[in-house]
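Structural overview
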Amino acid sequence: MNKYLKIIFIALIVIFSLLLLSPFISLILPQRLTNRTYYRLLYSVIIDKEAPGNLNDEEKILKLFNYVVRHEFAQGLPYECKPAESLIYGEAYCDFQARTLNSLLGAAGIKS
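Our subject in this report is the structure included herewith.

Rules used throughout
Residues numbered from 1 in each chain as written. Predicted model: local features only at pLDDT ≥ 70, side-chain atom pairs only at ≥ 80, totals over all residues. Heavy atoms only, no water. Helix = DSSP H or I, 4+ residues; strand = E, 2+ residues; numbered from the N terminus. Buried < 20%, exposed > 50% of the residue type's maximum accessible area, 1.4 Å probe, protein only. Contact = heavy atoms within 4.5 Å. Areas by Shrake-Rupley, 256 points an atom, 1.4 Å probe, with all protein chains shown as cover. Expected span 1.5 Å × (residues − 1). Arc of directions from axis to C-beta. Polar contact = N/O pair within 3.5 Å; in protein donor to acceptor, adjacent residues only side chain to side chain. Core = buried A, V, L, I, M, F, W, Y, C linked by side-chain atoms within 4.5 Å.

1. Points about the overall build of the protein chain
Looking only at helices and strands, the protein chain has five helices and zero strands in total. For the protein chain, the sequential pattern of α-helices and β-strands runs α-α-α-α-α. When each of the 112 residues of the protein chain is scored for burial, the buried share is 22%. Across the protein chain, the fraction of contacts at a sequence separation of at least 24, relative to all contacts at a separation of at least 6, is 44%. When the accessible surface of the protein chain is summed, it comes to about 8,600 Å², and 65% of that surface belongs to carbon and sulfur atoms.

2. Examining the side chain of Lys60
Mapping Lys60 onto the fold places it in helix α3 (residues 57-71). Residues contacting Lys60, with those up to four places away along its chain left out, are Ala51, Leu55, Ala108 and Ile110.

3. Some remarks on α3
The end-to-end C-alpha distance of α3 is 21 Å, a good match for the 21 Å that 15 residues give at a rise of 1.5 Å each. Among all positions of α3, only Lys60, Leu64, Tyr67 and Val68 are buried. Seen from one end, α3 has its buried residues packed into an arc of 95°, which puts them on one side. With a side-chain oxygen positioned 3.3 Å from the backbone nitrogen of Glu58, the residue opening α3 is Asn56.

4. Notes on the environment of Tyr89
Checked against the element boundaries, Tyr89 lands in helix α4 (residues 83-89). For the pair Tyr89 and Phe73, spaced 16 residues apart in sequence, the C-alpha separation works out to 9.5 Å.

5. Structural notes on the nonpolar core
Tyr43, Ile46, Leu64 and Leu104 are the most contacted members of the largest nonpolar core, which totals 14 residues. Elements that contribute at least two residues to this core include exactly α2 (31-50), α3, α4 and α5 (94-107). The greatest single-element share of this core, amounting to four residues, is contributed by α2.

Have a look at this one:
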């Protein structure tokens, strides 16, 4: 019985340590992996705020489309960037607005 308690205690310490150190571990991970995590989090927050509740797919598409139109403007020279970056900077032309909308819809579980 003591052997099982010792294993459980060690497992809890390891789990707690990983949770405590996870922000520092993310600094060590490759930037591509951490960026993907932040982008997914960004998409989740946008979807939760713009298309909350039990909306059907059509309503979600319209709300997310309106969000992209309101937050991305064609300004400056076109440049290559990721969909989340165009949301952050607020600059995008029509093809990048479509990529951003497609990424948001994919994160919302709508196939596009």
